[in-house]
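Below, each chain spelled out in residue letters.
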Amino acid sequence: MADFELYNVKSKKTSAAHTRLLTGAFMQTTPFPQHAVLLVDDEEQFLLSAEFALQSEGLDNVTACADSRTVMDLLARDAFSVVLLDLYMPGVSGLDLLPEITREHPEIPVVILTAVNELETAVECMRQGAFDYIVKPVRRERLVTVVRRALERSDLQREIGALRDYLLTDSLRRPEAFADIVTADCGMRSLFRYIEAVAETALPVLLTGETGVGKELFARAVHAASGRSGVFVTVNAAGVDDTLFSDTLFGHRRGAFTGADRDRRGLIEEAAGGTLFLDEIGDLCLESQVKLLRLLQEHTYYTLGEDLPKRSDARIVAATNRDLPALRDDGRFRKDLYYRLSAHHVRIPPLRERRDDLPLLLRHLLEKAASDLGRRTPTVPRELVSLLGAYHFPGNVRELEGMVYDAVSRHRTGVLSMESFREKMDLSHETALPTAGGEGDSSGRGPDLIFPEQLPTLRETEDLLISEALRRADGNQTIAARLLGISRSTLNSRLNRDR
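Residues numbered from 1 in each chain as written. Predicted model: local features only at pLDDT ≥ 70, side-chain atom pairs only at ≥ 80, totals over all residues. Heavy atoms only, no water.

**Some details on the sheet that holds strand S6 (residues 205-208)**
Hydrogen bonds along the backbone pair up the strands of a sheet, which may run parallel or antiparallel. Applied cut-off: Only strands that DSSP links by at least two bridges are regarded as paired with each other. Numbering of helices and strands starts at the N terminus; helices are DSSP runs of H or I of at least 4 residues and strands are runs of E of at least 2. Each axis is a line fitted through C-alpha atoms, taken for helices only over the stretch in contact, and angles between the N-to-C directions span 0 to 180 degrees. Pairs of residues are marked as contacts when any of their non-hydrogen atoms sit within 4.5 Å.
The strand order across the open sheet formed by five strands is S7-S10-S13-S6-S14, and the pairing between neighbours is parallel. Each edge of the sheet is formed by a strand with only one pairing partner; in this case those strands are strand S7 (232-236) and strand S14 (344-347). Pairwise comparison of adjacent strand axes, ignoring direction, gives a mean angle of 20° for this sheet. Of the strand pairs in this sheet, strand S10 (residues 275-279) and strand S13 (residues 315-320) are connected by four bridges, and their pairing is parallel. The residue of S13 that forms the bridge with Thr-275 is Arg-315. Those strands touched by helix H8 (residues 215-226) are S6, S7, S10 and S13, and its axis lies near 160° from that of S13.

Set out below in structure tokens:
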């Protein structure tokens, strides 16, 4: 019986032809996995069969080795993700190679392949550090499943090493990836280091945060930090039905539906070797969620009008300002898709949680607005940062950008007027006050006050309000009075009352 029950390849020429036939539909521009799978066996027919089986499932980065004496040299020279190792070979046996590989390259999972079904041998191999043990003849499904599991193990170990570096160091390996995100906040820098730690893995990244916090900038940073050779492609899932989503993402063939008069490449194909950014993922309909889940699980998809699957190696980054756990619990977002997408979760803080970034952001946006509008950068009044620091910014950085552009477009000469900022802030107060709740809440309710068991007196409450307003206004009495809804003279009288 052949080593493979499904394939019995007679020659390398036949194998190559069959491989091209089966893998022609897999539109993959970069080898997968990134580091090759090493096949070690002295039987040429088995090597051809195993390589054929893996390539037919899209695992096309395979190195075959028939001489076991060269294995350690290969591992020392090149990076490999998995080793498939036969036990009984002339020269150096797999029993001798296994402990040497696990000692010198503990990060590489080793799968044992053997025609001998002996329990004691299997136990000894597992004790020596083997990842799995497969008895020949091998079914293709069994081989592919084990290799995929070993690849996940390999990715996980690399990720653990990167996270260890993230925890022990405070430096960024690729600071240029985050150049477009203006911040000096320690929490934001921690997010940068976490993104660097997970960027090179193939697992999805979920970005959550309120409207306007810069989720697309973070998605681009994930792509830049990953070092992927492909492009960054954006798809907005909001308000898109299943047909439009499938056509946009997967493309179609001519005649697939009425009006399809020519072939169209999907955006997932455009993102080959790169990153696919799915914005507003919380608004994706349930039918499209099923197709996205298949893409994440199998890395395959179907172009509309075709029966053969295509393979995708694009990295998926998703973003939403909605409460996905709540949608999941309500049955409006699939649980299995949620857990797939949130393999790496980055919560981007709102602007009100990093007020120390306001001076940096203000200067950056003023220079950007002046450049875009063809004007000189205006002088900023000292009170402006205090005024902005007392505001809750429901629209976050995007809202601040709109304020700055409006102010610069009105500006003529001298010091920048604060009047346009006050107008915008007063208008926003009517529709969206700061909330005590979660992300993206614009219900218009203010924070609930929490009273102690012993209620404070009116005088004590007034003193506390004045003290908090002055703190938020950085001591500026004019801004503090506006926060309290009283005049500057009334605030002065309250302050002078206690002197």
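**A few points about the side chain of Arg-328**
Put simply, the rule is: Throughout this description, buried means an accessible area under 20% of the type-specific maximum (1.4 Å probe, protein chains only), exposed means over 50%, and partly exposed covers the range between. Residues adjacent in sequence count toward polar contacts only when both atoms are side-chain atoms; beyond that, a polar contact is any pair of N or O atoms within 3.5 Å, and within protein one must be able to donate a hydrogen and the other to accept it.
On the secondary structure map, Arg-328 appears in helix H12 (residues 324-329). For Arg-328, a relative accessible area of 15% translates into the label buried. A polar atom in the side chain of Arg-328 sits 3.1 Å from the side chain of Asp-329.

**Brief notes about helix H16 (residues 396-410)**
What counts is decided by this rule: Any helix carries an expected span of 1.5 Å times its number of residues minus one.
Taking 1.5 Å of rise per residue, 15 residues should cover 21 Å, and H16 covers 22 Å from first to last C-alpha, within 8% of that figure. Where H16 is concerned, the buried positions are Asn-396, Val-397, Glu-399, Leu-400, Met-403, Val-404, Asp-406, Ala-407 and Val-408.

**Considering the pattern of salt bridges**
Any two side chains of opposite charge can pair, given that their charged atoms come close. We apply this condition: The rule for a salt bridge is simple: a side-chain nitrogen of Lys or Arg has to be within 4 Å of a carboxyl oxygen of Asp or Glu.
Tallied over the full model, the rule gives 30 salt bridges. The closest approach of N and O atoms between Arg-253 and Glu-306, which form a salt bridge, is 2.6 Å. Of the two residues, Arg-253 is situated in the loop between strand S8 (251-252) and strand S9 (264-265) and Glu-306 in the loop between strand S11 (300-301) and strand S12 (310-311); the sequence distance between them amounts to 53 residues. Close ionic contact of Glu-269 with Lys-310 constitutes a salt bridge, the shortest N to O distance being 3.5 Å. With Glu-269 in helix H10 (residues 267-270) and Lys-310 in strand S12, this pair connects stretches of sequence that are 41 residues apart.

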